[in-house]
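Each chain is listed here by its residues.
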Amino acid sequence: MKTITCIEDLRQQARRKVPRAFFDYVEAGSYAQQTLQANRADLERIKLRQRVMVDVAARDVSTTMLGQRVSFPLALGPVGMTGLQRGNGEILAARAALTAGIPYTLSTISICSIEDVARATGAPFWFQLYVMKDRGFVRDLIERAAAAQCSALMLTVDLPILGQRHCDLKNGLAVPPSLKFRNLVSMSGRPRWCAGVLAGKRWSFGNLEGYVSGKSGAQSLAQWVGSQFDATLNWKDVEWVRSIWRGPLIIKGILDPDDAKLAAQTGASALVVSNHGGRQLDGAPSSISMLPKIADAVGSATEVFFDGGIRSGQDMLRALALGAKACLIGRAYVYGVGAAGESGVAKAIEILRRELDTSMALTGCKTIDDIGPHTLCRSFED
Ligand SMILES: Cc1cc2nc3c(=O)[nH]c(=O)nc-3n(C[C@H](O)[C@H](O)[C@H](O)COP(=O)(O)O)c2cc1C
């Protein structure tokens, strides 16, 4: 097996092992994918400032997120249907995060349920919430997350309706899904994937099973999810969520300083600067280009997390230098799930940790607090 040295190696392995429709689902952005591409292109433009002759022998990449110690400033973000990259994918990712000492976020539209992950890990994780039309269902979800000892609730606010991904429609992965002949061919060519998924706990949206009365199986649940995204979502709903959820709240999907101020006013513990990995509003700016303005707009009471395009520890350093307290990743760890399950995710995390550590040393930083705008060659706006 090829030696894995970077996230791209994991991506290549995942591409070979995961059936085409599910790999494309991870890769894609919405519409013309301009925002997806901007996330990477704008990160790559930021130059790190090389510093020399600084004693960097004793380095510490640990820090805190929401007041809890983390081994380095990273969390695994919510990724729907991770359990279709590999059987029990959510459990595998949660275990790798736990071992690495960083948070894992379970998506509302995961394959393994809240209870599956809680039972398998026996440790707190974060739960990501979509507020759907059926508020009784949403209340239940929040209460289930609390009962499972989830340590934070991440409310995603950038999906009142679903952006279109062309490949998902072409692959029959839309809502409702339809299995195309070429999907079956692609699956039959990946017997280990099939065996793993068939042996997994579930093949459909675990958090929804049994809830949608009279419905079971992927198609009807997917139909229900598709019809449930709520276009009326507004800031008042955050008050309602807070009346049920007593723990730390993270608001995810902020891309504008004015929205960042409103998010901070809700009393949320943190917000995530994010454009949903370029999967929602195509034509929106890259996450990294909006990060400095958003970090400036919110006070110190709200932690600013960042996601969108992170594929290396150098990318993490760029975001930390521009005001992020910590980073989230989506695709970078999901490639690990597809490539090698728990050890693939562990590898992805370790790659990012080592790259961050090395890049900190070469920019003269010994601790996460040493990182700042001075770590970059010049400000992003120049
Ligand atoms: C396949 C896929 C599924 C996703 N599902 C969710 C989801 O269920 N809930 C959510 O809040 N964000 C979801 N996201 C967005 C991620 O949490 C994150 O914002 C994004 O992936 C960050 O960009 P990156 O993939 O370049 O790291 C998803 C992203 C991908 C790639």
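What you see is a predicted model; the values in this text were computed from it and never measured. (Residues numbered from 1 in each chain as written. Predicted model: local features only at pLDDT ≥ 70, side-chain atom pairs only at ≥ 80, totals over all residues. Heavy atoms only, no water.)

Undergrad: Got a sec to walk through the overall build of the protein chain? Specific residues and values, please.
TA: Of regular secondary structure, the protein chain possesses 15 helices and ten strands. C-alpha extents for the protein chain along the principal axes are approximately 65 × 50 × 40 Å. For the protein chain, with 382 residues in total, the buried portion stands at 56%. Contacts in the protein chain between residues far apart in sequence, at least 24 positions, make up 73% of those at least 6 positions apart. For the protein chain, the exposed surface amounts to about 16000 Å²; the carbon and sulfur share of it is 53%. Treating the 45 positive side-chain charges of the protein chain as one cloud and the 36 negative ones as another, the clouds have centres 6 Å apart. (Helix = DSSP H or I, 4+ residues; strand = E, 2+ residues; numbered from the N terminus. Buried < 20%, exposed > 50% of the residue type's maximum accessible area, 1.4 Å probe, protein only. Contact = heavy atoms within 4.5 Å. Areas by Shrake-Rupley, 256 points an atom, 1.4 Å probe, with all protein chains shown as cover. Lys, Arg positive; Asp, Glu negative; His and termini not counted. Charge placed at Lys NZ, Arg CZ, Asp CG, Glu CD.)

Undergrad: Quick one: what's the story with the nonpolar core, residue by residue and with numbers?
TA: Judged by nonpolar contacts, the single largest core of 109 residues is most densely connected at Leu76, Leu129 and Tyr333. At 13 residues, helix α15 (residues 331-362) tops the list of elements feeding residues into this core. With sequence-adjacent residues up to four places away left out, Leu76 is seen in contact with Ala93, Ala97, Ile102, Pro103, Tyr104, Thr105, Ile329, Tyr333, Val345 and Ile349. Counting 13 residues, the second-largest nonpolar core is a separate cluster that includes Leu66, Val70, Ala270 and Val272. (Core = buried A, V, L, I, M, F, W, Y, C linked by side-chain atoms within 4.5 Å.)

Undergrad: Please set out the pairing of strand β6 (residues 152-156) residue by residue, giving values where relevant.
TA: Burial analysis of β6 places five of its five residues in the buried class, the great majority of the element. With four bridges connecting them, strand β5 (residues 126-129) and β6 associate as parallel partners. Across the sheet, the residue bridging to Leu129 is Leu155, located in β6. At this point the chain moves from β5, through helix α6 (residues 135-147), to the parallel β6, and the crossover so formed is right-handed. Pairing between β6 and strand β7 (residues 249-254): four bridges, direction parallel. Within the sheet, the bridge partner assigned to Leu155 lies in β7 and is Ile251. (Pairing = 2+ DSSP bridges. Right-handed = clockwise from strand over helix to strand, strands pointing away.)

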